[in-house]
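Here is how the chains run, residue by residue.
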Amino acid sequence: MIPPLEQVREMLSAGAAKSSLLVEREEAVAVAQFLKTDPQLQLDFCSCVTAVDYIKQDCIEVVYHLYSVALKHGPVALKVRAPRALEQCRMPSLTPVWRGCEYQEREAFDLYGVKFDGHPDLRRILMWDEFVDHPMRKDYVPPMDYEWEPTPHAETLARAKQTGGTVPASALEAKK
Amino acid sequence: MSATGIIQTQTLEVSLGPQHPSTHGVFRMDVVLDGEYVVKLKPVMGYLHRNHEQLAEKMTWLGSMPYTDRLDYFCSMTNNWAYALAVEKMTGLKVPERAEYIRVIMAELTRLLNHSCAIGFLLSDCGAWFTPVLYALREREWILDFFETVSGARMMCNYMRFGGVRVDLDDASLAMARNIVARWPAFLDEFEKLMTENEVLLARTQRVGILSRNLAINASVSGPVARASGVEYDIRKVDKYGVYDRFDFGVPVGEAGDTFDRYMIRILEMREAVKILEQALRDIPAGPFIAPEAKLRNFKVPAGDGYGRIEAPKGELGFYLVSEGGAKPYRYHVRPPSFINLTILEDMCLGQKVADTVIILGSVDIVLGEVDR
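Just so it is clear, the structure is predicted and the values come from calculations on it, not from any experiment. (Residues numbered from 1 in each chain as written. Chains lettered and ligands numbered in written order. Predicted model: local features only at pLDDT ≥ 70, side-chain atom pairs only at ≥ 80, totals over all residues. Heavy atoms only, no water.)

Draft legend 1. Examining the sheet that holds strand β2 (residues 45–54) of chain A more closely. Residues and elements named next belong to chain A. If you trace the four strands from one edge of the open sheet to the other, you get β1-β4-β3-β2, paired in mixed fashion. Looking at strand neighbours, the two that pair on one side only are β1 (19–23) and β2, the edges of this open sheet. Pairwise comparison of adjacent strand axes, ignoring direction, gives a mean angle of 20° for this sheet. Bridge count between β1 and strand β4 (residues 76–83): five bridges; the pairing is parallel. Bridging across to β4, Leu-21 finds its partner in Leu-78. With respect to the sheet, helix α3 (residues 101–112) is in contact with β2 and β3 (59–67), its orientation differing from that of β2 by roughly 10°. (Pairing = 2+ DSSP bridges. Helix = DSSP H or I, 4+ residues; strand = E, 2+ residues; numbered from the N terminus. Axes fitted to C-alpha atoms, helices over the stretch in contact; angles between N-to-C directions. Contact = heavy atoms within 4.5 Å.)

What follows is the structure in structure tokens.
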């Protein structure tokens, strides 16, 4: 649980140079709105959005680095955590608050599989649309060969079986 | 012609790219056109994606320094600096004064090189086929020669190290840098005489692709693009990293936020960069060029996370790093300015003619090595 918003302001103004704030998923939008509009904080510039896969704690953490263009202070790191399992790995999008999150949240979705509820256009951005996995996750095993898209060659499949390598699920589905 | 006498029209979807010469690399824009006017535009990127971040997570801290060169391959010096700065923040390494001056000299030369090419290519996009960019490339060659003399490579310099730089500048190379700086104002005057008051340039760029100040801030736009829209925000002034607080320089800010302002802001920034270079080359102190306690082998970073950022020529270049205390980063994230500046490409292009989208994209100044990573 996070403290009441008034306390957040005091915490941040006390050590604005190096602060981070871990909030619950349900409260993320309210906290973000507060940080952006509060006259003493005015964190109007969401500089950097990224995700980190903490596989030992079984969570994916999305980090927003906030600065204030109006008051020239920052950064405040706003952190939101979601479970690693793909079905539960979702959180509210902050794109309605800061437009600059749009592509960066798409990137976090593409590479980490975090689904952002309320994002206007949540599609893959760096990987191609047919790609199924999320390659920046710590347990991701790269396939042995991309050349046989869309269907794997028999030798590659046999080699994958021998060495324990993987083939992308999309390729196997196409073969069915 | 239909029965009512009104011409029936429909919208047309055009894919600009990825091999389009004016997209500055393998970049695609899906555009929906109503006649000649843009009604929808979606950028498509990822053609150069190589998962740079995952590569770096599998290498030692220093091992990914040469890879940062390949992000924005015009500006390897500033990429190196941003990464080194983030790591120095986490380790608390103190950078010697001479190294800080050398970094400023390298970064500002990179700014000259980047901006002159950016406006050169922008003018190529306007249809001034290769004459302006030829002048820009001629001047860039002097700087690349200097980088080669100092670091051994023209573009992939791999020059900075945690706690300093890799090689010192000797008197001969300092004299070389002074020569470059001395000839730059004359080049800018010549360039401006040819270009700035050119009627065709004014007609093509003024009131084209307007970006409002509020949208620029809300969409995390940084660098010259944001400043052209009136956002007075320069990380060299705000964070005062390195020794930037010692130099006397101004931050030019635009008013209209149109393509012409984005062109002009780069000319003005080059004039300010020349001022910084003159002061840095005059004041550079003697001393070590790398911190004596900086280790090249068995380099470890204390556990924790850190975010370091600099004012790269294209905008805010940041590195978000997470360490577990080991020899490799646990998480390595690049905040690429050209990727995030593309967020507002659609807003700037809506209602413009299709020929103007190319100029607007040129004025944002992207490099695909950095967009796609």
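Draft legend 2. Quick look at the pairing of strand β3 (residues 37–44) of chain B. Residues and elements named next belong to chain B. As defined by bridge partners, strand β2 (residues 28–34) adjoins β3 across seven bridges and the pair is classed as antiparallel. Each bridged residue has a counterpart across the sheet, and for Met-29 the counterpart in β3 is Pro-43. The hairpin turn running from β2 into β3, its antiparallel successor, is two residues long, and Gly-35 in that turn takes a positive phi close to 65°.

Draft legend 3. Highlighting helix α5 (residues 131–151) of chain B. All names here are of chain B. Helix length check: α5, at 21 residues, gives a terminal C-alpha distance of 30 Å against a target of 30 Å (1.5 Å per residue), a fit within 8%. Listing the buried residues of α5 in full gives Pro-132, Val-133, Ala-136, Glu-139, Arg-140, Ile-143, Leu-144, Phe-146, Phe-147, Val-150 and Ser-151. At the exit of α5 stands Gly-152, carrying a positive phi of roughly 95°. (Expected span 1.5 Å × (residues − 1). Buried < 20%, exposed > 50% of the residue type's maximum accessible area, 1.4 Å probe, protein only.)

Draft legend 4. Representation of the interface of chain A and chain B within the structure. Taken together, the 41 residues of chain A in the interface contact 40 residues of chain B. Summing both partners gives a buried area of about 3500 Å² for chain A against chain B, and 54% of it is carried by carbon and sulfur. Taken as a group, Arg99(A), Tyr103(A) and Leu126(A) account for 20% of the area that chain A buries against chain B, more than any other trio of residues on that side. Here chain A and chain B share five salt bridges between them. A salt bridge links Glu57(B) to Lys138(A); its shortest N-O distance comes to 3.2 Å. In terms of residue count, the dominant contributor to the side of chain A that touches chain B is β2(A) (ten residues). In terms of residue class, the side of chain A that touches chain B is made up of 22 nonpolar, six polar and 13 charged. (Buried area = accessible area lost by both parts, 1.4 Å probe. Salt bridge = Lys/Arg side-chain N within 4 Å of Asp/Glu carboxyl O. Nonpolar A, V, L, I, M, F, W, Y, C, P; charged D, E, K, R; others polar.)

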